[in-house]
Structures are given as C-alpha cells and as structure tokens.
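So you can see what is in the structure, the chains are spelled out below.
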Amino acid sequence: MDKPKTDDQVIIFLLKGDKFGISVKNMVEISKLDVLKSEKAEGMYEGKLMLRSHEVPVVNLSMLFHLGEGDNSENVRIIVLEKSSKMIGLKVDAVSEVITYPLRLIRPMPKMIMDSAVNYFLGIGRANDEPVLFLNDEEILAETSVGKN
C-alpha cells in the first residue's frame with residue numbers, strides 16, 4: 001500500500017511582490033520572456049511560446065488574478081505546465097527558488113477573500129517566514145489551456 005504523499009517540490013515565484021508557489025509535478029520547463037511570440041492578445045493571454053513544435057498559449061497570471069499588467073523586466077519567466085495533453089505557459093514576474101514543502105502546512109484560503117478565482121488556490125502557507133499562496137495547477141490548466149496544438 002502506498003504511503004500518502006507528505007511533501008511536494010514547489011516553485012516559488014513572484015507576482016507584484018507577493019510570493020506564490022506551484023507544484024513541479026506538471027511542469028515542463030521555465031523559459032525567458034524573450035522566447036514569447038507576441039501577438040495581438042486580449043485580456044490575460046500574452047501570446048504563444050514555441051515548445052518542441054507545439055504552440056503553447058501564455059497566460060499573464062497578474063491579469064488572471066486581477067493584479068494589473070505585471071512586470072516585463074529581464075526577471076520575467078514563463079512556467080510551462082502540461083497535463084492530459086493540455087499545455088499552458090504562466091507568465092510570472094520572477095522565479096525565486098524550488099523548495100520541498102510539507103503539504104500538511106498548507107491552510108485553506110480565508111473565507112473573507114473567496115471570489116471567483118478561489119479555485120485557482122490550494123491555500124496559504126509560509127516559506128522562509130513569508131506568506132506563500134499555493135496554486136492549484138490542475139485547476140489553472142483546466143480553466144486556461146486550449147490543448148496542445
């Protein structure tokens with residue numbers, strides 16, 4: 001019988017100065033912004049990234065979470081996720097580190113901040129004595145991707 005998973009490898013990244021975390025289990029790669037094929041995109045979509053002969057749509061997480069435009073500095077990265085033949089790139093302000101995080105320390109989101117984006121979050125925790133919002137990568141993949149092209 002398998003033991004329940006207690007720790008997860010998590011990428012810590014920044015959006016508007018706040019720390020976020022997302023599991024590496026569905027991560028394909030982390031790319032620089034300069035590989036993004038810009039196109040006339042609307043709303044949260046930034047353009048496409050060519051990855052192994054596939055066009056991967058890129059979502060600006062700052063826009064998805066209603067935080068504004070986001071950064072366009074040299075620190076910006078695109079985290080590419082894939083699951084069940086769906087791929088999506090997530091534009092973030094910077095990638096900080098990869099850590100092993102105990103899943104039991106993630107607490108549910110407070111009810112007072114629940115809104116339509118709440119499904120994108122697993123909960124809140126602390127890393128290096130700072131708050132981290134942990135993302136539900138599977139929900140983000142399901143809601144934002146259009147499948148492999």
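The structure under discussion appears in the preceding block.
Residues numbered from 1 in each chain as written. Predicted model: local features only at pLDDT ≥ 70, side-chain atom pairs only at ≥ 80, totals over all residues. Heavy atoms only, no water.

Enquirer: Would you explain the overall build of the protein chain in this entry?
Expert: Looking only at helices and strands, the protein chain features 2 helices and 11 strands. Going from N to C terminus, the protein chain has its helices and strands arranged as β-β-β-β-β-β-α-β-β-β-β-β-α. By residue count, 40% of the 149 residues in the protein chain fall in the buried class. For the protein chain, the exposed surface amounts to about 8,500 Å²; the carbon and sulfur share of it is 50%. (Helix = DSSP H or I, 4+ residues; strand = E, 2+ residues; numbered from the N terminus. Buried < 20%, exposed > 50% of the residue type's maximum accessible area, 1.4 Å probe, protein only. Areas by Shrake-Rupley, 256 points an atom, 1.4 Å probe, with all protein chains shown as cover.)

Enquirer: How do you make sense of the packing of aromatic side chains when you look at a structure like this?
Expert: By convention here, two paired aromatic rings are described through the distance between centres and the angle between planes. In the structure shown here, the tally under the stated rule is 5 aromatic pairs. A ring pair is formed by Phe-13 and Phe-20, whose centres lie 5.7 Å apart and whose planes are at 15 degrees; its orientation type is stacked. Assigned by exposure class, Phe-13 and Phe-20 land together as buried. Pairing Phe-65 with Phe-121 gives two aromatic rings, centres 5.0 Å apart and planes at 35 degrees, and the pair type is tilted. Of this pair, Phe-65 sits in the loop between α1 (61-64) and β7 (77-83) while Phe-121 sits in strand β10 (residues 121-127), placing them 56 residues apart in sequence. An identical accessibility class is assigned to Phe-65 and Phe-121; each is buried. Three or more aromatic residues joined by ring pairs form one cluster here, namely Phe-13, Phe-20, Phe-65, Tyr-120 and Phe-121. (Phe/Tyr/Trp six-rings, centres within 6.5 Å; stacked < 30°, edge-to-face > 60°.)

In short, the description is geometric, and any link to function would need to be established separately.
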